[in-house]
Every structure is written in structure tokens, then in C-alpha cells.
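A closer look at the structure
Here are the chains, one letter per residue:
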Amino acid sequence: MSRIRLQGLTRRFGAVTAVDDMGLDIADGEFLVLLGPSGCGKSTLLRMIAGLLPPTEGRLWLGDTDITHLPPQRRDVAMVFQSYALYPHLSVASNIGFPLRTRKRPRAEIRAKVAEVAATLDLTGLLDRKPRELSGGQRQRVALGRALVRDPGAFLMDEPLSNLDAKLRAGTRAEIAELHRRLRTTTVYVTHDQVEAMTMATRIALLNEGRLEQLGTPSEVYDAPASVFAATFLGSPAMNVVDATVRSVDGVLRAEAEGLLLSLGIEADIPDRPVRLGVRPEHLTLTPAGKQGIRAVVTAVENLGSEEVAQCRAGHTAVSVRGPRPLGVTSGEAVTLAARPDRLHLFDQNSGRRLAWQAASVPEPV
Amino acid sequence: MVSGTFVEVAAPARNREAGTAGTAPASRESGWSRIRRLAPPYLYLVPAVVLLVVWTYQPLAQTFVLSTYSWNLVPSTPMVDVGLGNYERLLGTPELGRAVWRTVVVILGMLPFTVVIPVAVALLTRRVRGRAQGVYRALVFAPMLVAPVAGAAVWQWLLDPSAGAVNRVLGTDVNWLNTASTAQWSIIVITGWHVVGFAVLVVTAGLAGINPDYAAAAQVDGASRSQVTRWVTLPLLSPTLAFLALMTVLLSAQWTFPLIDTLTQGGPVSSTTNLYYLLWEYGFRSHDAGLAAAAGVLFFLGFIVVAALLTRLAARLSHHDD
């Protein structure tokens, strides 16, 4: 059993609160990605789970054991560091075997286990080398091997791919995901890369300024962002967010702003409400002028190869549109952008939290 | 029927982008502008090189020359060329062998003060946090700031056979500095007290240079605190320790000099006369400049060999931490 539970976990550095009252329940076998911008507290949180940093407040369980005050060597977790932290004076074989050596396993057993792990990671020919004689990708695999060798209760990974080049990163990403599919070991993975989070996670915990912003599957976080922060952090280009007012006209709700008119497809009659309206670039479509939508002027067209992104200006707000190439617009052109009502996201103007429509049970007219 | 043919797309022409046709001939640089371009780095080096030559290389060369003459340091006395005579005389004296052995004893006696104690102190003070850490380190470093001769005077008083604090604390009545068996050890302990702070500072800097991720990784890998120290920290500290060992071997005898000269003058019965003190005695007590120069040359060559061996060992120990 290697379920990890966090309860009110807090870490303060002087006046700065790096992690604030964090509660998480990570199920056995889950691949949880801690995602967030730098300084959001995700690495601090991971180091607290590893035991490298004592929490200021809160409790931590691994399985049924309270590990809050247990030193790292007595927690059953393995960690892959961003710097890999391969012991520079030891060979690859000794690096991978290190966790077994600390457990005083017989030499023959260590050798056999190291050989087995090296074979799965394609490191067999490199066992006698020192870390400095390895390439970045090989070092990364040795770091993984050192974590794998002892069948830990959980893997903790601190941005393990950030030192690799783009091509190697994609390959290693797939390898780690495959490894997790095979071993089913609980994994907590820290990254600031939304592609890693979207492709690998069973659930994403999105962190902002030490607090949990949203917790959910990659689709939930992408399709129904819980806040403006979540909406703009995931997705490239970021979600367009504009200030608008929800108004009821002829019994139908619509979002209005200067040069903007989009139907929300909800039949209701409510007083005007200011909101922040969000729509992803790939959900905006170009419609003939004169139709309702967002009136904008194209300022630039970016070619991404398979797709194009049109950067537009709608009033004072920048809006981007993403679609298959060619989009058929040129810089300086006036366009109208439309979006399906179910693709629109509404957020509260003050708190930035997501607004969901809840139909009131209307009493039947008698 | 429309017919056609496939035409291969040409690779981009190489020089088109630069806008030049063909290769341009390299322009010739005049001799003067070449000098003006290359001279500045050497001009910057000149002051340092001049100082090195005047204060180090020239005296070194003069020592070599002097070692082949017999001279008593009196300017009016002529210098007599004796060839290798000084070397023959030097190697024939039994004093030399004894001085070499005493130097070895001093070096071995100093190693605990320059390596063992500093490592222990640095590892322990690392656990102390905040202001107390600075206080501890300052206390350990303080003896380094005391002038050796001033320190020697205080130690002479502490080691006084009748009223000294050391004898009173230990309940003994040993004449520390005037007994052949204890004088050498007294000198070693006082020198050690003097340099231990510096060594602690070096070890602390070495520890600070080790990426803390290694210790963190080892802890997560299951290593206890003592295992982290033995298997990770000390091996990574080995280049620093090799440096300290090198310093000890090359400089111990020099560090002892002011203390020997103040406290024992090489005695009693030459028990504290190491290589440097012997050399100084030849030159400035016996006024035998040629013999002293010959001794200087021999020590110089000997220490070069030792230093070369030790630096090679240190290079082997260093791990490129990246």
C-alpha cells in the first residue's frame, strides 16, 4: 500500500509561505503531477514528502504510516533529482546499487539486481563508467535506475526532464510513462511543463503561490479550468480572457462587451452580471463579417507548420485564434470571431473562480 | 496529353546569402598594427612578471650560484669557487639525516591538526545553525590571527616548568621546552594550535562547495547520517583534503620556524632542528653562506619531487562535479 496523504501541510520560510495548507490524497498506483510556475511551492512540497524538509504544520501519511517526523532514510520513497545528483566518485553500477548498499544487502544480490535494472534501462554497457563520462540522457537513466533498483513504495521526481534537449525529452517522457504503466508504482512528479503534465498524469495538481488551484484529470483541468489562473496556465497559446457582462436578452443569456457579442445558449432571465469570459484559441472560428461574435483586427499570423495562429486585437485586448493552416487571413484584416456556447468559460470578476450555470427548479405554472 | 519531367530542386547556393561572388582574398595586416593588436595582454602581465623575477627567480638563480662558493657573508671577504664541495660537505654531515627525520616527524605530527581535527570540527559546526555557527568558527580561527612570536611568548609562559598553567592543570612538573623528548611535540602542538583555524576554514569552504543534492539523494536512498559522511561527503571532500595534506608536507617545517626560533632555538641538543632551522643555522649562525645555499638547493629539489607526486595524487582524487 503506498497511498500518500497530505493533511494541512504547510511550510514557511521566515515570512514567506511556500506551501500553504495543502491537502492531497494520492491513490496507490497513481501518477500525480504537481504542476505550476516556478516559485509555486511544488518542489518544496515534494521535498517535504521525501523528508528532506520538515513541514511547519500538517501531517503526512504513506500507506497507513504517519511519516511526518520520519527521516528520509526510513521513508519508503525513491527520488529522482533535477540535477540527477549522481555520486560523481562512484561508477554507474555503484550509483544504481547505492540504495541496496545502504540496506546492507549481500554483494551478489546487489550485482544481480543492478544488472537487471541496467538491462531494462539499456545501461548494461555503461556500468563501469563514471557519471562525468555519460551524456545527459544516460545520466537521466542512471538516476531512474537508482530509484527503480529497490522497489520503493513511491517515486518522487523533481523535474527529471528539464535538463534534456527537446527531442530526448519527448522520448524519455514516453519511457517514464511506459515504466509507470508496467510497475504501477505511485508517482509524484513535479514539472512546470504543461505537455509533460497533460501526457503523463493520471491527475494534475495545479499549484499557484503555495496553494492548490485545481486537482483533476488532464481533461478536466483543460476542459473545465477552475480559475482564470488554471485557464491561462494550460494551453498554448493561452486561453483568451476578456472582461464582459452577462445580460439576458429575450430570455437568452449572452456575453457582451464593446465589439463582442456571444450567445451563452442558456435560457434564463437574470440581472446583468460582470464576468471574465474565456475561450481557447482553437475554439474560435472566423465567420463572415456582420455575424455576431468578437470584432477584431489581425495583427500578425504565426506559422506553426501544421497550424496557424492569428494574433488579433479586439478593442484593448489581445485575442489569439488557432486553426488548421491556412487560416486565410492576413495582417491588418478585420475579422469576426465566433465560438460555440459550450466552448465558453465564465469566471468571477473578483475571485477569478469558474462560474458554472445551475438551473433553478422553476415551479410549474399552475 | 500534357507531358513533363521531374526536376531536382537545387540546394541553396553557398555564397548567395553573403552577397559575394567567389572567395575574397584575405587582407594583409601591417607589422605595426599586428604588434598593437597582440601587445596589450603582455603589457598587462609585465608588472607581475617583473616582481616574480626580482623577488623569486633571481634569488633562486643566485642561490644556485652561491651554492658553489665558499663565503662567510662578509662583503669584504672574497668568494671562493669550490664547485660541488659544499654539496659533498653537506651530504657528509650526520646532522642532515637527523634533520630530515625530524622534519618527517613534524609533518606527521601536523597532519592531525591540518586534516583530522578540521574535518571533525567543520562537520560538527555545520550542524550548528545561525549566529552560533559564526561564533564557533571565529573562535576556532582566532589563533591564526595571533602573531606567531606573540603566541610563542604566551605559550612559553603557559609551559613554564615551575609556574606554568599546563603543568598545574596536568599535575606534572615537566620542563616541556627544555627536555629533548618533549620539545619537538610542544612545538608541533603550538604550531597545530596556530594553523588549525585556517584548515577548518579550508574544509568548511570545501564542504560548502559540495552540492547538497548528493547528501539529500543519499538520505533518500536510505543512507544514515554516518553513511552519508563516509560514502558521499568525505570522498567528495578528498580534493580539499589532498590540498591540505600537500600544504602540510610542504609548509609544516616553515610554520614551525618562528616558534622554534623564539622558544627553543633548535634545542635542546638539536631535538627541534628540522630542515629549515638547520639551513638557517648554517647561513646565519655559522655564516657559511655556500653550505646554506647548497642545503637550500637540495631542499628545493626534494620538495619539488614531493609536491609533484602529491599534486598528481590530488588530481586523481578530484571528481568533476557537474
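Here, residues in each chain are numbered from 1, in the same order as that chain's written sequence. Lettering of chains starts at A and numbering of ligands starts at 1, both following the order in which they are written. The predicted origin of the model limits local features to residues at a pLDDT of at least 70 and limits the giving and counting of side-chain atom pairs to 80 or more, whereas totals for whole chains, interfaces and linings rest on all residues. Heavy atoms from the whole structure form the basis of all side-chain values; hydrogens and water molecules are not counted.

As for the domain arrangement of chain A
Residues and elements named next belong to chain A. What counts, and what does not: Domain delimitation in this document rests on an assignment produced automatically or drawn from a domain database. By definition, the buried area sums, over both parts, the 1.4 Å-probe accessible area that each loses when the two are put together. Polar contacts, as counted here, are pairs of nitrogen or oxygen atoms within 3.5 Å of one another; within protein the pair requires one atom able to donate a hydrogen and one able to accept it, and residues that are adjacent in sequence qualify only if both atoms are side-chain atoms.
For chain A, the assigned domains read domain 1 (4-233) and domain 2 (240-348). With centres defined by C-alpha atoms, the gap from domain 1 to domain 2 works out at 40 Å. Carbon and sulfur atoms supply 59% of the area that domain 1 and domain 2 bury against each other, a total of about 620 Å² over both sides. Of all residues in domain 1, Y222, V228 and A231 give up the largest surface area on contact with domain 2, accounting jointly for 69% of the area buried on that side. Seen at the junction of domain 1 and domain 2, the total is two residue pairs in polar contact (both at pLDDT 80 or more).

Things to note about the pairing of strand β20 (residues 345-348) of chain A
All names here are of chain A. What counts here: Partly exposed describes any residue whose relative accessible area lies between the buried limit of under 20% and the exposed limit of over 50%, with all areas from a 1.4 Å probe on protein chains only and scaled to the type maximum. The secondary structure listing takes helices from DSSP runs of H or I that are at least 4 residues long and strands from runs of E that are at least 2 residues long, numbered from the N terminus. Pairing between two strands is assigned when DSSP locates at least 2 bridges connecting them.
Here β20 shows no split at all, with H345 and F347 on one side and L346 and D348 on the other all buried. Summarising the sheet, β20 and strand β21 (residues 354-355) pair through two bridges and their orientation is antiparallel. Residue pairing for β21: L346 is matched across the bridge by L355. What sits between the antiparallel neighbours β20 and β21 is a turn of five residues, in which G352 has the positive phi angle 80 degrees.

Here's the deal with the packing of helix α2 (residues 92-102) of chain A against helix α4 (residues 136-148) of chain A
Residue and element names in this part refer to chain A. Our working rule: Simply put, an axis is a line fit to the C-alpha atoms, just over the touching stretch for a helix, and the angle between two N-to-C directions goes from 0 to 180 degrees. Angles are sorted into four bins: roughly parallel if under 35 degrees, roughly antiparallel if over 145, roughly perpendicular if 65 to 115, and oblique for all others. Put simply, a crossing is left-handed when the front helix is turned counterclockwise from the back one by less than a right angle, and right-handed when it is turned clockwise. Working rule for contacts: check all heavy atoms of both residues, and any pair within 4.5 Å makes them a contact.
Contact pair α2 / α4: the axes reach a minimum separation of 7 Å and the direction vectors enclose 30 degrees. As far as their axial angle goes, α4 and α2 are roughly parallel. Seen from above, α2 lies across α4 with right-handed handedness. Across the interface between the two elements, V92, N95, I96 and P99 from α2 touch V142, G145 and R146 from α4.

Digging into the sheet that holds strand β2 (residues 16-26) of chain A
Residues and elements named next belong to chain A. Overall, antiparallel pairing links the four strands, which are arranged β2-β1-β4-β5 in an open sheet. Single-partner strands in this sheet number two, and they are β2 and β5 (65-66). Pairing of strand β4 (residues 57-62) with β5, which is carried by two bridges, proceeds in the antiparallel orientation. By the bridge assignment for β5, W61 is matched with D66. Here helix α1 (residues 42-50) sits on the sheet and contacts β1 (4-13), β2 and β4; the angle it forms with β1, its principal contact strand, is near 120 degrees.

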